Amino acid sequence: MTDYEKIFENNRRWAAEKSATDKDFFRKLSRGQDPDFLYIGCSDSRVTAEELMGADPGDVFVHRNIANVISNTDLSAMSVINFAIKQLNVKHVVVCGHYGCGGVKAAMQPQDHGILNPWLRNIRDVYRLHKEELNAISDEEQRYRRLVELNVEEQCVNVIKTAVLQKHYLEKGYPVVHGWVFSMEDGLLIDLELDFEKKLKEIQEIYNLGGSF
Ligand code: CO
């Protein structure tokens, strides 16, 4: 059996196992979705959203791109955020980065990355915002790990800058934005424990798009 054929074999086994555990599983699934989480993460093949959260189909609305970047001109990311908050009423928005992120590493190299330049520039902007802290870290690996964390924080800030997040939170009290880092060495998720309300207040000093808080 080829690797390609194996995917379908795996899929049939998975579908059978799901039905065996809960015979209505796929009937419920086909009725519609009502996820509580929007997960925004890296496209990296090792950072699988649902699997590392122990989540089932239907539990998590997912958006992944290189280095979990939220750019306000990215129509895809903005549509996902709007749909998840307005239509799906998610209670949590998670931005999940990971140590060992190739996108973050590439952004730190003095190199022309072609079509990736404008994308990676979002991460260079994060570096510039936190230059003093990062430059003070002499160990390159530690500096890189810290940039992964700061990139998550700044992308959370970019989510909080959106009108849909601000308005919805002020009206309904959710969703809350969380920053996570996946540590590949031990498989654990680290909650960066972002102070969401404090961040929202800071952001609204300048980027207030939905009344005061
Ligand atoms: Co990555």
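In case you missed it, the structure is sitting above this.
Residues numbered from 1 in each chain as written. Predicted model: local features only at pLDDT ≥ 70, side-chain atom pairs only at ≥ 80, totals over all residues. Heavy atoms only, no water.

**Student:** Whenever I open this one, the overall build of the chain confuses me. Can you help?
**Tutor:** Within the chain, the secondary structure is distributed over 10 helices and 5 strands. Structurally, the chain occupies a C-alpha span of about 55 × 45 × 30 Å along its principal axes. The 213 residues of the chain split such that 41% are buried. When contacts within the chain are restricted to residue pairs at least 6 apart in sequence, those whose partners lie at least 24 apart make up 63%. For the chain, the accessible surface area stands at approximately 12,200 Å², while carbon and sulfur atoms represent 50% of it. When the 26 basic and 33 acidic side-chain charges of the chain are each reduced to a single mean position, those positions are 4 Å apart. (Helix = DSSP H or I, 4+ residues; strand = E, 2+ residues; numbered from the N terminus. Buried < 20%, exposed > 50% of the residue type's maximum accessible area, 1.4 Å probe, protein only. Contact = heavy atoms within 4.5 Å. Areas by Shrake-Rupley, 256 points an atom, 1.4 Å probe, with all protein chains shown as cover. Lys, Arg positive; Asp, Glu negative; His and termini not counted. Charge placed at Lys NZ, Arg CZ, Asp CG, Glu CD.)

**Student:** For this particular structure, what's the right way to read the coordination of the cobalt ion?
**Tutor:** Tetrahedral coordination by four donors sets the ideal angle at the metal to 109.5 degrees; octahedral coordination by six donors sets it to 90 or 180 degrees. Protein coordination at the cobalt ion: the donors are Cys42 (SG), His98 (NE2) and Cys101 (SG), at 2.1 to 2.3 Å from the metal. Counting gaps between the donor residues of the cobalt ion yields the pattern C-x55-H-x2-C. Separated by 56 residues along the polypeptide, Cys42 in strand E1 (residues 37-42) and His98 in strand E3 (residues 92-98) bring together distant segments of the chain. Accessibility classification places Cys42 together with His98 in one group, the buried group. (Donors = N, O, S within 2.8 Å, 3.2 Å for Na, K, Ca; no water.)

**Student:** Help me out: how do you make sense of the layout of surface pockets in this one?
**Tutor:** In this model, the largest pocket occupies a volume close to 630 Å³. Lining the largest pocket are 29 residues, and of these Glu154, Val157, Asn158, Lys161 and Tyr207 sit closest to its centre. Counting only elements with at least two residues in the lining of the largest pocket, the list comes to helix H4 (75-87), helix H6 (117-129), helix H8 (140-160), helix H9 (163-172) and helix H10 (196-206). With 7 residues, H6 is the single largest residue contributor to the lining of the largest pocket. Classifying every residue of the lining of the largest pocket gives 12 nonpolar, 9 polar and 8 charged. (1 Å grid on protein atoms, 1.4 Å probe; cavity = no way out; pocket = protein on both sides within 12 Å on 5 of 7 lines; lining within 4 Å. Points joined across faces, edges and corners; volume = space filled by probe spheres on them. Nonpolar A, V, L, I, M, F, W, Y, C, P; charged D, E, K, R; others polar.)

**Student:** Whenever I open this one, the pairing of strand E4 (residues 176-183) confuses me. Can you help?
**Tutor:** Side-chain positions along a regular strand alternate between the two faces of the sheet. For E4, a buried count of 7 out of 8 residues is recorded, marking the element as mostly surrounded by other parts of the structure. The pairing of E3 with E4 spans 7 bridges and is classified as parallel. Following the sheet pairing, Val94 is matched in E4 by His178. Bridging between E4 and strand E5 (residues 188-191) involves 4 bridges; their strand directions are antiparallel. Its bridge partner lying in E5, Val181 is registered against Ile190. (Pairing = 2+ DSSP bridges.)

**Student:** Help me understand a nonpolar patch on the surface in this model?
**Tutor:** On the surface, Tyr4, Ile7 and Phe8 cluster together into a nonpolar patch covering about 380 Å² of accessible area. In this fold, Phe8 is placed in helix H1 (residues 3-21). In this structure Phe8 comes out as partly exposed when scored by relative accessible area, which is 45%. (Patch = residues over 30% accessible without salt bridge, like charges linked within 9 Å, V, L, I, M, F, W, Y side chains within 5 Å. Salt bridge = Lys/Arg side-chain N within 4 Å of Asp/Glu carboxyl O.)

**Student:** Hey, could you run me through the side chain of His98 in this one?
**Tutor:** Judged by its relative accessible area of 0%, His98 falls in the buried class. Sequence-distant contacts of His98, defined by excluding residues within four places in its chain, comprise Cys42, Asp44, Arg46, Val47, Val148, Val181, Phe182 and Met184.

**Student:** How do you make sense of the sheet that holds E5 when you look at a structure like this?
**Tutor:** Within a beta sheet, neighbouring strands are joined by backbone hydrogen bonds and run either parallel or antiparallel to one another. With mixed pairing, the 5 strands of this open sheet are ordered in space as E2-E1-E3-E4-E5. A strand with exactly one partner marks an edge of an open sheet, and here the two such strands are strand E2 (60-65) and E5. Here the average twist between neighbouring strands, direction ignored, is 25°. (Axes fitted to C-alpha atoms, helices over the stretch in contact; angles between N-to-C directions.)

**Student:** I keep staring at H10 and nothing clicks. Help me out?
**Tutor:** Given 3.6 residues to a turn, an α-helix orients residues that are three or four positions apart in the same direction. Of the positions making up H10, those classed as buried are Phe196, Lys199, Leu200, Ile203 and Gln204. Summarising the axial view, the buried residues of H10 lie within an arc of 130°, below the 170-degree limit, and thus occupy one face. Opposite the buried face of H10, at more than 90 degrees from it, the exposed residues are Lys198, Lys201 and Glu205. Along its buried surface, H10 packs onto H8, H9 and E4. (Arc of directions from axis to C-beta.)

**Student:** Looking at this structure, how should I read the packing of H9 against H10?
**Tutor:** Helix-helix packing: each pair is described by the crossing angle between the helix axes and the interaxial distance. At a minimum axis separation of 12 Å, H9 and H10 run at an interaxial angle of 125°. The orientation of H9 relative to H10 falls into the category oblique. Classified by chirality, the crossing of H10 by H9 is left-handed. On H10, the residues that touch Leu165, Gln166, Tyr169 and Leu170 of H9 are Phe196, Glu197, Leu200, Ile203 and Gln204. (Parallel < 35°, antiparallel > 145°, perpendicular 65-115°, else oblique. Left-handed = near helix turned anticlockwise from the far one by under 90°.)

On their own, these measurements won't tell you what the molecule is for.
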